[in-house]
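Remarks on the overall topology
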Amino acid sequence: NVSGGGDRIEIFTFDQQKNEARYLRTIRFPPSMNWRLSDVTLVGNKRLFVSIWRPFPSDLRGIPFDSFLTEVKTLLYYFSPFRLQNVLECKLDDLDSQLELNFDQVCRERSEISGIIPSGIASDDQNRLFIADTFRKSVDVYEINEDEIKPILSLKVDPLVVNLSYDRAQNSIYLTGVLRLK
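A brief report on the enclosed structure follows. (Residues numbered from 1 in each chain as written. Predicted model: local features only at pLDDT ≥ 70, side-chain atom pairs only at ≥ 80, totals over all residues. Heavy atoms only, no water.)

Describing the layout of surface pockets
- Within this model, the largest pocket holds a volume of roughly 410 Å³.
- In terms of lining residues, the largest pocket is bounded by 16 residues, among which Thr-41, Leu-42, Val-43, Ser-123 and Arg-168 are the most central.
- Where the lining of the largest pocket is concerned, the elements lending two or more residues are strand S3 (37-43) and strand S8 (118-123).
- Among the elements that line the lining of the largest pocket, the one with the most residues is S3, at five residues.
- A breakdown of the residues in the lining of the largest pocket according to their chemical character gives seven nonpolar, four polar and five charged.
- Each pocket or cavity is described by its volume, and for the second largest pocket that value is around 290 Å³.
- Forming the walls of the second largest pocket are 15 residues, and the residues nearest its centre are Ile-11, Phe-12, Leu-24, Leu-42 and Asn-45.
- Those elements giving two or more residues to the lining of the second largest pocket turn out to be strand S1 (8-15), strand S2 (20-28) and S3.
- With five residues, the single largest contributor to the lining of the second largest pocket is S1.
- By residue class, the composition of the lining of the second largest pocket is eight nonpolar, three polar and four charged. (1 Å grid on protein atoms, 1.4 Å probe; cavity = no way out; pocket = protein on both sides within 12 Å on 5 of 7 lines; lining within 4 Å. Points joined across faces, edges and corners; volume = space filled by probe spheres on them. Helix = DSSP H or I, 4+ residues; strand = E, 2+ residues; numbered from the N terminus. Nonpolar A, V, L, I, M, F, W, Y, C, P; charged D, E, K, R; others polar.)

A closer look at the packing of aromatic side chains
- Counting across every chain of the model gives two aromatic pairs.
- A centroid spacing of 5.7 Å and a plane angle of 75° characterise the contact between Phe-12 and Tyr-23, whose relative ring orientation is edge-to-face. Note that Phe-12 is positioned in strand S1 and Tyr-23 in strand S2, a separation of 11 residues in sequence.
- On the accessibility criterion, Phe-12 (48% relative accessible area) is partly exposed. (Phe/Tyr/Trp six-rings, centres within 6.5 Å; stacked < 30°, edge-to-face > 60°. Buried < 20%, exposed > 50% of the residue type's maximum accessible area, 1.4 Å probe, protein only.)

Looking at the sheet that holds strand S9 (residues 128-133)
- The four strands are arranged S8-S9-S10-S11 in an open sheet whose pairing can be described as antiparallel. Each edge of the open sheet carries a strand with a single partner, namely S8 and strand S11 (149-156). Strand-to-strand twist in this sheet, taken as the mean axis angle between neighbours without regard to direction, amounts to 20°.
- Both S8 and S9 contribute to a ladder of four bridges, which runs antiparallel. Bridging across to S9, Ile-121 finds its partner in Ile-131. (Pairing = 2+ DSSP bridges. Axes fitted to C-alpha atoms, helices over the stretch in contact; angles between N-to-C directions.)

Regarding the environment of Pro-151
- With respect to the secondary-structure elements, Pro-151 resides in strand S11.
- According to the relative accessible area criterion, Pro-151 is exposed, its value standing at 61%.
- C-alpha of Pro-151 to C-alpha of Glu-112: the two residues are 39 residues apart in sequence and 7.9 Å apart in space.

Right, dumping it as structure tokens:
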């Protein structure tokens, strides 16, 4: 999220020997997507998956948490049979020369991935995609191939999972969440 400029994904390459990042390109999202993007994960070298947390865009000042009407609309949306899917796939093939891309050039919704409120998203080295669904208190696992995405399993978790992170050295997915201490 970029204050004053809308949501975008900035893509860099990292040189571990020099310990420096080099800018490659930007994916720009339209104002209708402001503050809706939640998390992003890289699969292979040219494929990103993006979770969308909120159903409605916010203005550039941020999410209007104090708006009762916004929260009612959000709840109605989550329980609506007409709601949109909440995960995008962005492919960067054949676009190496362009520095700025509009999301509709490279991203599409993936209907095979279902969830109510996906927030955290991660992938591992075995072509699996992990998505934390905040509302259902689950982590859903998908097998991802070139053009096919298949659900493998859904793990119920408590407390509420918000973020996921893959640790390559341990070959493990770590969860962070929101819990209440009494």
